[in-house]
Amino acid sequence: MNNLEKDYTLNGQSAAKPLLNEEGSEIIPRKGSRLEEFLAEKPNIIIENLFTKKKYENISCIYCIFSKSKMIPYIGSTNNLHKRCQKHRDGLKHNYHFSKYLQRVFNKYTFRDVFIFVLETVDLENISKREFYWINYFDSVNNGFN
């Protein structure tokens, strides 16, 4: 196997082919694995607890809220991160968050489990296109809180 092939393998199997378990059936990655891989590849991302006392910046961005215990993402966009984080916190604290799945995880694990990071800062004319990209990237409709 040459160096190029080594870069595109996982556990000795080609990444282009589906990974197989001992019985020969396809391995289904556990939910959140894409998020874990993304965070492992980006060690410089600033991840903070959503409920920190910090005042978040007033920026237009695409952000990710996730459960540390489940590693399941919620992708959102905003033109004011500070106000948007406050709305998420209020909704979760008062049990009326619009994502019932995120609310359930919050109710079970409390505020110590909910974290946020900025995926990218964007201008307002591209914000929905970029949010759609990140929702698809993490498949957060099927494997997340969206």
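Residues numbered from 1 in each chain as written. Predicted model: local features only at pLDDT ≥ 70, side-chain atom pairs only at ≥ 80, totals over all residues. Heavy atoms only, no water.

Another point: the pairing of strand β5 (residues 72-78). With 6 of 7 residues buried, β5 is to be regarded as a mostly interior element. As defined by bridge partners, strand β4 (residues 61-67) adjoins β5 across 7 bridges and the pair is classed as antiparallel. Along β5, the bridge assignment pairs Ile65 with Tyr74. Counted along the chain from β4 to the antiparallel partner β5, the turn is 4 residues long, and its residue Met71 has a positive phi close to 55°. (Buried < 20%, exposed > 50% of the residue type's maximum accessible area, 1.4 Å probe, protein only. Helix = DSSP H or I, 4+ residues; strand = E, 2+ residues; numbered from the N terminus. Pairing = 2+ DSSP bridges.)

Now for the packing of aromatic side chains. Counting across every chain of the model gives 15 aromatic pairs. A ring pair is formed by Phe51 and Phe106, whose centres lie 5.4 Å apart and whose planes are at 20°; its orientation type is stacked. In this pair, Phe51 sits in the loop between β3 (48-49) and β4 while Phe106 sits in helix α4 (residues 100-109), placing the two residues 55 residues apart along the sequence. Residue class for Phe51 comes out buried when judged on its relative accessible area of 17%. On the basis of relative accessibility, which here comes to 11%, the residue Phe106 falls in the buried class. Consider the rings of Trp134 and Tyr137, whose centres lie 5.3 Å apart with planes at 70°: the pair is edge-to-face. With Trp134 and Tyr137 both in helix α5 (residues 127-138) and 3 residues apart, this pair spans about one turn of that helix. Judged by relative accessible area, which is 22%, Tyr137 ranks as partly exposed. One aromatic cluster in this structure is built from Phe38, Phe66, Phe115, Phe117, Tyr133, Trp134, Tyr137 and Phe138. When the ring centre of Tyr137 is taken as reference, the NZ or CZ atom of Arg34 above it lies at 3.9 Å. Residue placement shows Arg130 over the ring face of Tyr133; its charged tip is 4.5 Å from the ring centre. (Phe/Tyr/Trp six-rings, centres within 6.5 Å; stacked < 30°, edge-to-face > 60°. Lys NZ or Arg CZ within 6 Å of the ring centre and 35° of its normal.)

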